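Each chain, written out:
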Amino acid sequence: MRTLIAPLILALTALPVAALALTPSERAPSGDTAAALTITQAGESTILSLKQLEQLDLYDVDMHHPEGLKGEFTGVLVNDLVDAHGLDEATRIRLVAADDYTTFLTPAEREEKQYLLVTRFEGEPIPLDKQGPLMLVVPADAEAVRTGALPMTKWIWSVIEIRAR
Ligand SMILES: Nc1nc2c(c(=O)[nH]1)N[C@H]1C(S)=C(S)[C@@H](COP(=O)(O)O)O[C@H]1N2
Ligand SMILES: [Mo]
């Protein structure tokens, strides 16, 4: 009996984690130079295109988004963006969407989980009317949000600006 229990417990605990791993993407950065994201800190704004954003390391995750999309999401890590743009690591950042919806991320939240700023779905840019062009996802929370165990307030879509101050 004991010989069966240990492998069984191992198999059960490994299951949920394996499904939602971020893996380095093989995709080439976008060539799109249109304005995509404004980064504001201490009154100074920088405007980034998808081409510039995707110079950061790209990651893929296979996920069922709580709003319905199911497949491969590709994007950059919010923490990589914070590092690359010298945003104050101690400050909470505010994400602002095209419809004025806004949400905050504290340094502790960014430390605890990976927040992916999605630039592609199934390899293609996401149109504004499909909640693109940039959407924030929390792959580790996808299942809990879909079952209603966690709120979806961090899953802001149509992100146009990130502010730190
Ligand atoms: N851009 C944008 N993102 C958003 C929202 C929104 O109104 N605009 N609503 C948030 C909230 S509070 C929830 S619960 C989920 C789902 O919002 P919905 O119920 O309005 O579709 O998306 C989140 N992301
Ligand atoms: Mo909500």
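Details of the structure are given in the entry above.
Reading guide: rules and limits
Residues numbered from 1 in each chain as written. Chains lettered and ligands numbered in written order. Predicted model: local features only at pLDDT ≥ 70, side-chain atom pairs only at ≥ 80, totals over all residues. Heavy atoms only, no water. Pairing = 2+ DSSP bridges. Helix = DSSP H or I, 4+ residues; strand = E, 2+ residues; numbered from the N terminus. Axes fitted to C-alpha atoms, helices over the stretch in contact; angles between N-to-C directions. Near = heavy atom within 4 Å. Polar contact = N/O pair within 3.5 Å; in protein donor to acceptor, adjacent residues only side chain to side chain. Areas by Shrake-Rupley, 256 points an atom, 1.4 Å probe, with all protein chains shown as cover. Nonpolar A, V, L, I, M, F, W, Y, C, P; charged D, E, K, R; others polar. Contact = heavy atoms within 4.5 Å. Patch = residues over 30% accessible without salt bridge, like charges linked within 9 Å, V, L, I, M, F, W, Y side chains within 5 Å. Salt bridge = Lys/Arg side-chain N within 4 Å of Asp/Glu carboxyl O. Lys, Arg positive; Asp, Glu negative; His and termini not counted. Charge placed at Lys NZ, Arg CZ, Asp CG, Glu CD. Buried < 20%, exposed > 50% of the residue type's maximum accessible area, 1.4 Å probe, protein only. 1 Å grid on protein atoms, 1.4 Å probe; cavity = no way out; pocket = protein on both sides within 12 Å on 5 of 7 lines; lining within 4 Å. Points joined across faces, edges and corners; volume = space filled by probe spheres on them.

## Brief notes about the sheet that holds strand β7 (residues 102–105)
Okay, step 1: Read across the open sheet, the five strands follow the order β3-β2-β11-β6-β7; overall the sheet is mixed. At either margin of the open sheet sits one strand with a lone partner, and together these are β3 (44–49) and β7. Direction aside, neighbouring strands of the sheet carry axes that sit 20° apart on average.
Okay, step 2: The pairing of strand β2 (residues 35–41) with strand β11 (residues 159–164) spans four bridges and is parallel. Across the sheet, Thr38 pairs through a bridge with Glu161, a residue of β11.

## Comments concerning the site of ligand 1
Okay, step 1: Lining the immediate surroundings of ligand 1 are Glu67, Ala97, Asp99, Tyr101, Met152, Thr153, Trp155, Ile156 and Trp157.
Okay, step 2: At 3.0 Å from a nitrogen atom of ligand 1 is found a main-chain nitrogen or oxygen belonging to Trp155.
Okay, step 3: Measuring from a nitrogen atom of ligand 1, one finds a backbone N or O atom of Trp157 at 2.8 Å.
Okay, step 4: The protein chains hide 62% of the 500 Å² of surface that ligand 1 would expose on its own.
Okay, step 5: In terms of residue class, the shell around ligand 1 is built from six nonpolar, one polar and two charged.

## A closer look at the side chain of Thr40
Okay, step 1: By secondary structure assignment, the location of Thr40 is in strand β2.
Okay, step 2: Those residues in contact with Thr40 that lie beyond four places of it in its chain are Ser45, Glu161, Ile162, Arg163 and Ala164.

## Points about a negative patch on the surface
Okay, step 1: Where like charges cluster on the molecular surface, the negative patch consists of Asp83, Asp88, Glu89 and Glu111.
Okay, step 2: Relative to the elements of secondary structure, Asp83 occurs in helix α3 (residues 78–84).
Okay, step 3: Asp83 gets classed as partly exposed once you look at its relative accessible area, which sits at 46%.

## A short note on the layout of surface pockets
Okay, step 1: The calculated volume of the largest pocket comes to roughly 170 Å³.
Okay, step 2: The wall of the largest pocket is formed by Glu109, Glu112, Lys113, Tyr115, Asp141, Val145, Leu150, Pro151, Thr153, Lys154 and Trp155.
Okay, step 3: Class assignment of the residues belonging to the lining of the largest pocket gives a composition of five nonpolar, one polar and five charged.

## A look at the pattern of salt bridges
If the charged atoms of two oppositely charged side chains come close together, the side chains can form a pair.
Okay, step 1: Taken as a whole, this structure holds six salt bridges when the rule is applied.
Okay, step 2: Between Arg27 and Glu72 there is a salt bridge whose closest N-O contact spans 2.6 Å. Taken as a pair, Arg27 in the loop between β1 (23–24) and β2 and Glu72 in strand β5 (residues 70–77) lie far apart in primary sequence, 45 residues in all.
Okay, step 3: Of the residues examined, Arg27 reaches a relative accessible area of 32% and is grouped as partly exposed.

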